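# Descriptive analysis of the structure
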Amino acid sequence: MCVDRAGDVARSTEVALPVVGRDAVESLVVDLGYRDPEDSTVNCLLEALRVGADVEDGGDEAVVAVVSGAADTAVGADRALAAQLDELVAAHDPDTAVVVIDTAGDEGVVPLVESRVPVDAVDRVVVRQARDIESTYYLLKQFLADEELRESVLVPLGVVLLVFPVLLTVTGSLALAIASITAVIGAFLLYKGLSVDERLGAVSSQAREALYSGRVSIVTYVIAAGLTLVGAFAGALGVSGLGDAGAFVAAMAFVYHSVPWLALAALAGATGRLTDEFIREEGVRASYLNLPFGAVSVGLVVRGFSAYFVEQAGVIAPVHTPALPLVAASVLSPEERLTAYVLLGVLVSLVGIRVSSRLTADGRGRDETP
């Protein structure tokens with residue numbers, strides 16, 4: 001069955017619709033082709049004849065038919081097609097149908113056919129000279145139907161087209177306007193390429209779930225964020241009075257002054273997560289048990305190395321140990337200070353491993369990783 005939803009057959013010829021039978025369709029091809037040789041409907045009719053012949057060669061009985069939307073409106077055309085389909089089904093009682101179309105709009109008739117007779121196949125005819133144009137149309141149609149692609153391509157393109165003339169008018173510099181637009185596009189590409197939107201969505205969902213479930217970790221995470229800001233501020237204060245000490249020394253001074261607060265922030269977050277695990281009463285994962293000790297031990301080691309560099313640069317004073325009953329007062333060298341921090345960090349880490357293994361052996365912890 002050749003479908004002409006646009007009504008070209010009805011407008012160009014005076015045949016009664018639907019057109020049924022090989023001879024009638026062949027006569028229609030000659031008539032329509034004589035009137036308008038450039039009409040793609042001619043190719044659609046010829047394809048319907050070829051498919052019908054192939055079906056008959058396969059041993060099945062086939063009836064070739066043509067339906068056309070003989071109306072001025074889209075609704076009227078579809079109703080006319082539906083009436084012609086009902087007439088064909090009543091006259092021939094087909095088991096299945098093969099629909100032959102030549103445009104994207106004709107595909108909208110396929111549900112009408114499927115509601116009356118099973119459709120075995122849909123054969124779309126594309127004229128060879130117009131194949132690239134037709135394929136481009138279908139690609140654009142598929143692109144516009146994809147909401148995610150529209151948001152990813154059309155929205156930034158629209159923003160660029162709107163912002164560019166504004167920047168050009170305000171700044172009066174073409175180079176500055178192009179640089180600004182390029183920076184915005186680059187930021188958007190990084191935003192999408194690194195899946196920042198998905199990560200932010202996941203973070204918001206987890207925060208909302210934590211608030212609704214009453215988890216302790218949501219409070220400790222806020223505390224951790226505050227301690228992180230305090231650490232950054234403390235590091236900035238420590239760097240502010242260095243003058244021309246050099247970039248490396250300034251970086252080590254920033255780390256030295258900020259790392260205690262950052263370690264406390266990590267400890268607060270880990271403690272909240274560990275508390276949630278205890279509240280669930282499902283056993284605590286061994287990795288969660290190690291996390292607070294790991295945060296403290298890493299903070300001690302980083303503090304020790306940063307202290308070594310800033311002390312060697314003369315930014316901070318050496319450590320003076322007080323006099324004890326069996327030990328005289330002394331001054332620790334930078335190497336001794338670093339060694340003390342590293343040993344203390346290793347000791348805290350070993351204590352964490354011991355506690356984790358003990359609780360796991362008692363059945364209160366779990367070995368699987370998060």
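Here's what I pulled together on the structure shown here. (Residues numbered from 1 in each chain as written. Predicted model: local features only at pLDDT ≥ 70, side-chain atom pairs only at ≥ 80, totals over all residues. Heavy atoms only, no water.)

## Things to note about the overall build of the chain
For the chain, the count of helices and strands is 13 helices and 9 strands. In the chain, which comprises 370 residues, the proportion classed as buried is 31%. Long-range contacts, defined as pairs at least 24 residues apart, comprise 59% of the intrachain contacts of the chain with a sequence gap of at least 6. As displayed, the chain offers around 22300 Å² of accessible surface, 63% of which is attributable to carbon and sulfur atoms. (Helix = DSSP H or I, 4+ residues; strand = E, 2+ residues; numbered from the N terminus. Buried < 20%, exposed > 50% of the residue type's maximum accessible area, 1.4 Å probe, protein only. Contact = heavy atoms within 4.5 Å. Areas by Shrake-Rupley, 256 points an atom, 1.4 Å probe, with all protein chains shown as cover.)

## Focus: the nonpolar core
Among the nonpolar cores identified, the biggest contains 16 residues, and Cys2, Val25, Leu28, Val29, Leu45 and Val66 are the most heavily contacted of them. Secondary-structure elements contributing two or more residues to this core are helix H2 (22-35) and helix H3 (40-57). It is H3 that contributes the most residues to this core, 5 residues altogether. Residue contacts for leucine 45: discarding those within four places in its chain leaves Cys2, Val25, Leu28, Val29, Leu32 and Val66. Within the second largest apolar cluster, 14 residues are counted, among which are Ala65, Val67, Ile101 and Val109. (Core = buried A, V, L, I, M, F, W, Y, C linked by side-chain atoms within 4.5 Å.)

## With respect to the pairing of strand E4 (residues 97-101)
Across the 5 residues of E4, 4 count as buried, placing the element largely inside the fold. Across 5 bridges, the pairing between E4 and strand E5 (residues 119-124) is parallel. Pairing of isoleucine 101 across the sheet is with arginine 124, part of E5. (Pairing = 2+ DSSP bridges.)

## Looking at the pattern of salt bridges
Across all of its chains, the model carries 8 salt bridges by this definition. Where glutamate 56 meets arginine 22, a salt bridge forms, and the shortest distance between an N and an O atom there is 4.0 Å. Here arginine 22 lies in helix H2 and glutamate 56 lies in helix H3, a separation of 34 residues in the sequence. Residue glutamate 56 is classed as partly exposed on the basis of its relative accessible area of 39%. Among the salt bridges present, the one from aspartate 54 reaches arginine 50, with a minimum N-O distance of 2.7 Å. Taken together, the residues span about one helical turn, with aspartate 54 and arginine 50 both in helix H3 at a distance of 4 residues. Arginine 50 gets classed as partly exposed once you look at its relative accessible area, which sits at 42%. What emerges from the salt-bridge pattern is a single network uniting Glu47, Arg50 and Asp54. (Salt bridge = Lys/Arg side-chain N within 4 Å of Asp/Glu carboxyl O.)

## Looking at the layout of surface pockets
Considered as a void within the structure, the largest pocket measures approximately 670 Å³ in volume. Along the wall of the largest pocket there are 25 residues; nearest its centre are Ala62, Val63, Pro94, Thr96 and Ala97. Every element with two or more residues in the lining of the largest pocket is listed here: H3, helix H4 (74-92) and E4. Looking at the lining of the largest pocket, its residues break down into 17 nonpolar, 3 polar and 5 charged. (1 Å grid on protein atoms, 1.4 Å probe; cavity = no way out; pocket = protein on both sides within 12 Å on 5 of 7 lines; lining within 4 Å. Points joined across faces, edges and corners; volume = space filled by probe spheres on them. Nonpolar A, V, L, I, M, F, W, Y, C, P; charged D, E, K, R; others polar.)

## What to know about the state of the cysteines
With the rule as written, the count across this model stands at 0 disulfides. Here cysteine 2 stays free of any disulfide, with the sulfur of cysteine 44 as its closest cysteine sulfur at 3.0 Å. For cysteine 44, a relative accessible area of 0% puts it in the buried group. (Disulfide = S-S within 2.5 Å.)

## A short note on the environment of alanine 313
Secondary-structure assignment places alanine 313 in the loop between helix H12 (286-312) and strand E7 (320-321). Assessed through its relative accessible area of 43%, alanine 313 is described here as partly exposed. Separated by 68 residues in sequence, alanine 313 and alanine 245 have C-alpha atoms that sit 8.3 Å apart.

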